[in-house]
Amino acid sequence: MILNFIWNISPDIISFGPFELKWVTALLVVGILVGRKLLQYIYKKEGKQVGEVGMVYSLVLIGAILGARLIYVTLVDTDILLNKPAQVLFPFEFKGGIKFVGGSQFSMLGSLVGVILALLVYAKVKHKPFLWTLDKGFLLLLIALVFLRAGNLI
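Rules used throughout
- Residues numbered from 1 in each chain as written.
- Predicted model: local features only at pLDDT ≥ 70, side-chain atom pairs only at ≥ 80, totals over all residues.
- Heavy atoms only, no water.
- Core = buried A, V, L, I, M, F, W, Y, C linked by side-chain atoms within 4.5 Å.
- Buried < 20%, exposed > 50% of the residue type's maximum accessible area, 1.4 Å probe, protein only.
- Helix = DSSP H or I, 4+ residues; strand = E, 2+ residues; numbered from the N terminus.
- Contact = heavy atoms within 4.5 Å.
- Axes fitted to C-alpha atoms, helices over the stretch in contact; angles between N-to-C directions.
- Parallel < 35°, antiparallel > 145°, perpendicular 65-115°, else oblique.
- Left-handed = near helix turned anticlockwise from the far one by under 90°.
- Nonpolar A, V, L, I, M, F, W, Y, C, P; charged D, E, K, R; others polar.
- Salt bridge = Lys/Arg side-chain N within 4 Å of Asp/Glu carboxyl O.

1. What to know about the nonpolar core
Reasoning step 1: The biggest cluster of nonpolar side chains holds 16 residues, and the ones touching the most others in it are Leu 39, Tyr 43, Val 56, Val 60, Val 115, Leu 119 and Leu 141.
Reasoning step 2: Elements represented by at least two residues in this core include exactly α1 (23-46), α2 (52-76), α4 (108-126) and α5 (130-153).
Reasoning step 3: Once you skip the residues sitting within four places of it in the chain, Val 56 turns out to touch Leu 39, Tyr 43, Leu 119, Tyr 122 and Gly 137.

What follows is the structure in structure tokens.
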């Protein structure tokens, strides 16, 4: 009976002219916000400075995005790196208007590597134990990735 299941959910939540809000984007944003709130709760419960959550949050996001993009263009699609180097960090084309071309050009392995490196730098600068910092940062990354994968399923 399960083999006859037809999946016909639209990947778009709202489509209004050129604007499209997709499930994957909305759920990723929700996952990032839920992860931040959970991280704030854990910092409060452990008696740590809640003001540091913003720095960890920002570093995890920046590390994930940069790592995901850089690993993608170096290991998966080297054509971008060799022929269109401006699209590595600025994934837009300007033929017939502005078009974003980097929507699906990210690497999950790259996001993991980027987050680890960003948290390593944070731990060194703030003189915190690396494993403690990694534990907090990965919690945020894990929650965001669960929501991201749920959005990809839809």
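Still more to cover.
2. A few points about the packing of α1 against α5
Reasoning step 1: In the contact formed by α1 and α5, the axes pass within 7 Å of each other and the chain directions differ by 155°. For the element pair α1 / α5, the angle class is roughly antiparallel. Considering the relative orientation of α1 and α5, their crossing is right-handed.
Reasoning step 2: Residue composition of the contact of α1 with α5, by class: 19 nonpolar, four polar and three charged.

3. Some points on the environment of Lys 136
Reasoning step 1: Within the secondary structure layout, Lys 136 lies in helix α5.
Reasoning step 2: C-alpha of Lys 136 to C-alpha of Tyr 43: the two residues are 93 residues apart in sequence and 9.0 Å apart in space.

4. Concerning the environment of Pro 91
Reasoning step 1: Tracing the backbone shows Pro 91 in the loop between α3 (78-83) and β3 (92-93).
Reasoning step 2: Look at Pro 91 and you get buried, because its relative accessible area is 10%.
Reasoning step 3: In the structure, Pro 91 is positioned eleven residues away from Ile 80 in sequence and 9.5 Å away in space, judged by C-alpha atoms.

5. Looking at the pattern of salt bridges
Reasoning step 1: Across all of its chains, the model carries three salt bridges by this definition.
Reasoning step 2: Across the pair Lys 136 and Glu 46 runs a salt bridge, and its minimum N-O distance is 3.2 Å. Of the two residues, Lys 136 is situated in helix α5 and Glu 46 in helix α1; the sequence distance between them amounts to 90 residues.
Reasoning step 3: Under the relative-accessibility criterion, Lys 136 is labelled buried at 5%.

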